[in-house]
Amino acid sequence: MTSALPFDDFRALLATLPDPDETAAARMRTLFAKAGAPNRSLGRVEDIAVWLAAWSGRAPPAINRPLVAVFAGNHGVVRHGISAQPMQATAEAVELCAAGGAAVNQVCIASDLGLKVFDLALHLPTGDISEEAALDERGCAATMAFGMEALAGGTDLVCLGDLGVGNETVAAALFAAIFGGSGADWVEPDSDAGLTEHRVRAVDAALALHGVHLKDPLEALRRVGGREFAALAGAILAARMEKIPVLLGGHAALAAAVVLHAANPSALDHCRLAGLPDRTGPARVAARLGLMPLLDLSIDHHGGVDAALAAGLVKAAALVGSGMAAAVKR
């Protein structure tokens, strides 16, 4: 970082986000019309192809190097009994992905997607958000930078996911920090009333502790977020700077997106929501952000599964566009 404070460079990036290529988008719409698909007969498939053209600058678009990036983190607040799983389950999930046995591995094989899973210091949980900040500013900024660097090596579609025991409660805290409300407004009721009570209490304690600082989105991210949230925010931001389309999957990616949107309402224009679990909180968040999920499969599984599945649809939309464009040229 070259500025006085670690977050300053990110604030500068958020103030100078690149715009989409409207010429490429218009060219894609024209190609659909010439290919005999007038009046939006292809529905949202056409929308996806136009979105890809706008953010790749290519009309027709092409997806040649899609990447599923899954960020894994652990949270100190788990010690308050907010999860039925022990903290080590995060590392076990990462190991399952590394062994090729997770659901996301199979989806990536089916749709020919690259997969990277990032262990964000799982041995060192973040601070307990109900008693202290999850991260200091330098640590949060460094993790955002790590998320940005995770895209190095070249990709033309980024599909984001997360792993982290207890991170749905942390996501609820971020939703409350950005949109207002209490823990009860954002914590999803569990069949175990005791778990729900612990989660609500943890979120309310975090909101009371960090108070006025939560008005700043990046401060909210470091205080009541976590490493996977920070890395996801960095990856979303890096993709925007490089004009790479993004698919958001899971609670953590949605919460990271909320932070960026609060900092700049146009920050998510290059993103699409892969899907939504059957939960009221994320659905309300998606509605506030104007994000309509590409898939409605009631998937409530962590690890980027929904983003990987949606990538198959996005790849198909790109092929529809390029195939119809080739037919027009003949």
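To be clear, the structure that these remarks concern was listed above.
What you see is a predicted model; the values in this text were computed from it and never measured. Position labels on residues start from 1 in each chain and follow its written sequence. Totals for whole chains, interfaces and linings use all residues, but because this is a predicted model, local features are given only for residues with pLDDT of at least 70 and pairs of side-chain atoms are given and counted only at 80 or more. The side-chain figures draw on all heavy atoms in the structure; neither hydrogens nor water molecules are used.

J.: Please clarify how the environment of A24 should be interpreted in this entry.
T.: Helical segments are the DSSP runs of H or I of at least four residues, strand segments are the runs of E of at least two, and each set is numbered from the N terminus. Topologically, A24 is positioned in helix α2 (residues 22-34). Taking relative accessible area as the criterion, A24 reaches 0% and is therefore assigned buried. Along the backbone, A24 and R58 are 34 residues apart, and their C-alpha atoms lie at a distance of 6.0 Å. In this structure A24 touches A53, G57, R58 and A59, once residues within four positions along its chain are discounted. Categorising residues by exposure relies on relative accessible area from a 1.4 Å probe, with only protein chains included: less than 20% of the type maximum marks a residue as buried, more than 50% marks it as exposed, and the intermediate range marks it as partly exposed. For this analysis, residues touch if any pair of their heavy atoms sits within 4.5 Å.

J.: Hey, could you run me through the packing of helix α7 (residues 167-179) against helix α12 (residues 250-263) in this one?
T.: Helix-helix packing is characterised by the crossing angle of the two axes and by the distance between the axes. Axis definition: a line fitted to C-alpha atoms, over the contacting stretch in the case of helices. Angles run 0 to 180 degrees between N-to-C directions. Remark: α7 packs on α12, axes separated minimally by 9 Å, with the N-to-C direction vectors making an angle of 20°. The orientation of α7 with respect to α12, classified from their angle, is roughly parallel. Between α7 and α12 lies a crossing of left-handed hand. Together, N167, E168, A171, L174, F175, I178 and F179 of α7 and H251, A252, L254, A255, V258, V259 and A262 of α12 make up the contact between the two elements. With respect to orientation, any angle under 35 degrees is reported as roughly parallel, any angle over 145 as roughly antiparallel, any angle of 65 to 115 as roughly perpendicular, and every other angle as oblique. Less than a right angle of anticlockwise turn of the near helix away from the far helix marks a crossing as left-handed, whereas a clockwise turn marks it as right-handed.

J.: Before we go on, may I ask you to explain the side chain of E228 in this structure?
T.: Structurally, E228 is set in helix α11 (residues 227-241). Under the convention used here, Asp and Glu are negative, Lys and Arg are positive, and both His and the chain ends fall outside the count. Note on definitions: salt bridges are taken to be side-chain nitrogens of Lys or Arg within 4 Å of carboxyl oxygens of Asp or Glu. It turns out E228 is buried and unbridged, and the closest side chain with the opposite charge, R227, is 7.4 Å from it. Pairing of N or O atoms within 3.5 Å defines a polar contact, subject to two protein rules: one partner must be a possible hydrogen donor and the other a possible acceptor, and residues neighboring in sequence count only if both atoms are side-chain atoms. Of note is the side chain of E228, whose polar atom sits 3.1 Å from the side chain of N167. Residue contacts for E228: discarding those within four places in its chain leaves F71, A72, G73, H75, L120, L163, G164, N167 and A252.

J.: How should I be thinking about the pattern of salt bridges in this particular structure?
T.: Working definition: two side chains of opposite charge can pair if their charged atoms are close together. The final tally for this structure, using the stated rule, is 10 salt bridges. E219 is the salt-bridge partner of R223, the closest N and O atoms lying 2.8 Å from each other. In this pair, R223 and E219 are both assigned in helix α10 (residues 217-224), four residues apart and thus about one turn of the helix distant. The residue D300 makes a salt bridge to R279 at a minimum N-O spacing of 2.4 Å. Separated by 21 residues along the polypeptide, D300 in the loop between α13 (280-289) and α14 (305-329) and R279 in the loop between β5 (271-273) and α13 bring together distant segments of the chain.

Shape is all these values report; function is a separate question.
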